[in-house]
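The primary structure of each chain is shown beneath.
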Amino acid sequence: MLLDRFFATGRDFLGCPSPIICGAMTWVSDPILVSHMGRCGGFGLLAGGNAPVDVLTRQIEETRALSAHPFGVNLITIAPAYPQQLEVVCEMKCPVVVFAGSIPKENEIHRVKESGARVICFAPTDQLALKLIKMGTDALILEGSEAGGHIGPVSLTVLIQQILFQVDSVPIFVAGGIATGRMMAHLLMMGAAGIQMGTRFIMSEECAAHPKFKEAFRRAKARDAVATPQFDSRLPVIPVRALKNVGSVEFNKLQLDLIRQLEAHAIDRMEAQYSVERFWMGALRNAVIDGDMKKGSLMAGQSVGLADKILPLQGIFDELIEDAEAELRSLARRLSNGSI
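Description of the structure in this document.

Analysis parameters
Residues numbered from 1 in each chain as written. Predicted model: local features only at pLDDT ≥ 70, side-chain atom pairs only at ≥ 80, totals over all residues. Heavy atoms only, no water. Helix = DSSP H or I, 4+ residues; strand = E, 2+ residues; numbered from the N terminus. Rg over C-alpha atoms; globule rule 2.2 N^0.38 Å. Buried < 20%, exposed > 50% of the residue type's maximum accessible area, 1.4 Å probe, protein only. Contact = heavy atoms within 4.5 Å. Lys, Arg positive; Asp, Glu negative; His and termini not counted. Charge placed at Lys NZ, Arg CZ, Asp CG, Glu CD. Phe/Tyr/Trp six-rings, centres within 6.5 Å; stacked < 30°, edge-to-face > 60°. Salt bridge = Lys/Arg side-chain N within 4 Å of Asp/Glu carboxyl O. Pairing = 2+ DSSP bridges. Axes fitted to C-alpha atoms, helices over the stretch in contact; angles between N-to-C directions. Expected span 1.5 Å × (residues − 1). Arc of directions from axis to C-beta. Polar contact = N/O pair within 3.5 Å; in protein donor to acceptor, adjacent residues only side chain to side chain.

## A closer look at the overall build of the protein chain
Here's step 1: When its secondary structure is counted, the protein chain shows 13 helices and twelve strands.
Here's step 2: Relative to a compact globule of 340 residues, whose C-alpha radius of gyration would be 20 Å, the protein chain shows 19 Å and is just as compact.
Here's step 3: Each principal axis of the C-alpha distribution contributes one length, and for the protein chain these read about 70 × 45 × 40 Å.
Here's step 4: Scored against the burial criterion, the 340 residues of the protein chain give a buried share of 54%.
Here's step 5: Within the protein chain, contacts between residues separated by at least 24 positions form 63% of all contacts whose residues are at least 6 apart in sequence.
Here's step 6: On the protein chain, the mean spot of the 34 positive side-chain charges and the mean spot of the 36 negative ones are 4 Å from each other.

Rendered as structure tokens:
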């Protein structure tokens, strides 16, 4: 396959046939979905979220029992349980650890690497990308603001030009708004080591998300996935992209209430940020597990407009690979006959 030459870097880094990562989604990226990703040839990430240490430990053990394929663990650095989770992934020698939420400390990166794991960090801006490389990260994920869940401030098209085209010292994976094999082919040709998707994999039969959650995705348009606003710099909330509903309005009310409490010195900034994370963790569970489409959090990327059918996970992989290979061959023919 022509894809083989473009998959090489990502394959070597992740240790799987297809460098297609299933992004870590709290309450969604469970051991079953992660193990199925490995069986399909991709790379799954367990979502640390704010899971208690004993829960995360059981999930790592369960994933290992379900499949011998490699997988990673995603840790949210601003989650209250993060320090304990960090120790667990090091003690259990997880092969890949992804830092998300905010920039990790340099000693945390080195702590993970000393355990034998490879480190991947999200780079929401070009300045942070260069800083993270100096701090020792082994690879980067460029996630554009088109993505779902917690998002950065810059679109993927700009990040590609600022970072992917300028940096060649570490493998770079890309994410945000990706849903098709044709797009994957072009991103690989641009130099990406692989891609990460989340929204598309929710629409798999193996995903345990509530049927109402998947149905909301099936009906949604790209414009329905909107980012939350930040009302005050004193409460530096990381924007979250989700389908708009009553829960989105309640989150805005929570922000305003927390700002009033900050002004009254009733809480400190750390507690305010924790309150925000607790809201999202709870609201996301209500939607994904309980099927609350009104007040639950329907975290989705703008690629939700392209995810209009539920398929077996292997079917999604087959479609991605076939369409990417067909696109590469089409471009090769156009180049060879001088039509470009």
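## Observations concerning the packing of aromatic side chains
Here's step 1: Under the criterion given, the structure shown has seven aromatic pairs.
Here's step 2: Seen from their ring centres, Y82 and F99 are 6.4 Å apart, and the 70° between their planes marks the pair as edge-to-face. You can see Y82 sitting in helix α4 (residues 82-91) and its partner F99 sitting in strand β4 (residues 96-100), a full 17 residues away along the chain.
Here's step 3: With a centroid separation of 4.6 Å and 45° between ring planes, the pair formed by F251 and W280 is classed as tilted.

## Regarding the pattern of salt bridges
Here's step 1: Inspection of every chain in the model, using the stated rule, returns 16 salt bridges.
Here's step 2: One salt bridge in this structure joins E215 and R219, with 3.8 Å as the shortest N-O distance. Residue E215 and its partner R219 are located together in helix α10 (residues 211-219), separated by four residues, close to a single helical turn.
Here's step 3: On the basis of relative accessible area, R219 is assigned to the exposed category, the value being 57%.
Here's step 4: Several salt bridges share partner residues, and in doing so they unite R200, K309 and E319 into one network.

## Topic: the side chain of S18
Here's step 1: With respect to the element layout, S18 can be found in the loop between α1 (3-14) and β1 (20-22).
Here's step 2: Among all residues touching S18, those that are not within four sequence positions of it are F7, G41, G42, F43, F317 and I321.

## As for the sheet that holds strand β2 (residues 43-47)
Here's step 1: As summarised here, the arrangement of the eight strands in space is β1-β2-β3-β4-β5-β6-β8-β9, forming a closed barrel in which the pairing is parallel. Going across the sheet, the axis of each strand differs from the next one's by a mean of 25°, ignoring polarity.
Here's step 2: Pairing between strand β5 (residues 118-122) and strand β6 (residues 139-143): three bridges, direction parallel. Along β6, the bridge assignment pairs F122 with I141.
Here's step 3: Packed on one face of the sheet, helix α2 (residues 31-39) meets β1, β2 and β3 (71-76) and runs near 165° to β2.

## Description of helix α11 (residues 246-263)
Here's step 1: Taking 1.5 Å of rise per residue, 18 residues should cover 26 Å, and α11 covers 26 Å from first to last C-alpha, within 8% of that figure.
Here's step 2: Buried within α11 we find G247, S248, F251, L254, Q255, L258, I259 and L262. Buried residues in α11, looked at end-on, bunch into an arc of 135°, giving them a common side. Pointing more than 90 degrees away from the buried face of α11 are the exposed residues K253 and R260.
Here's step 3: Elements that come into contact with the buried residues of α11 comprise β11 (240-243) and α12 (269-288).
Here's step 4: Regarding α11, its N-cap is N245, as a side-chain oxygen of that residue lies 3.0 Å from the backbone nitrogen of G247 further along.
Here's step 5: Downstream of α11 by a residue or two, H265 has a phi angle that is positive, lying close to 60°.

## Here's the deal with unusual backbone geometry
Here's step 1: The phi dihedral of W27 is positive, around 70°, even though this residue is not glycine.
Here's step 2: Examined against the element boundaries, W27 turns out to sit in the loop between β1 and α2.

By themselves, these are just geometric observations and shouldn't be taken as functional.
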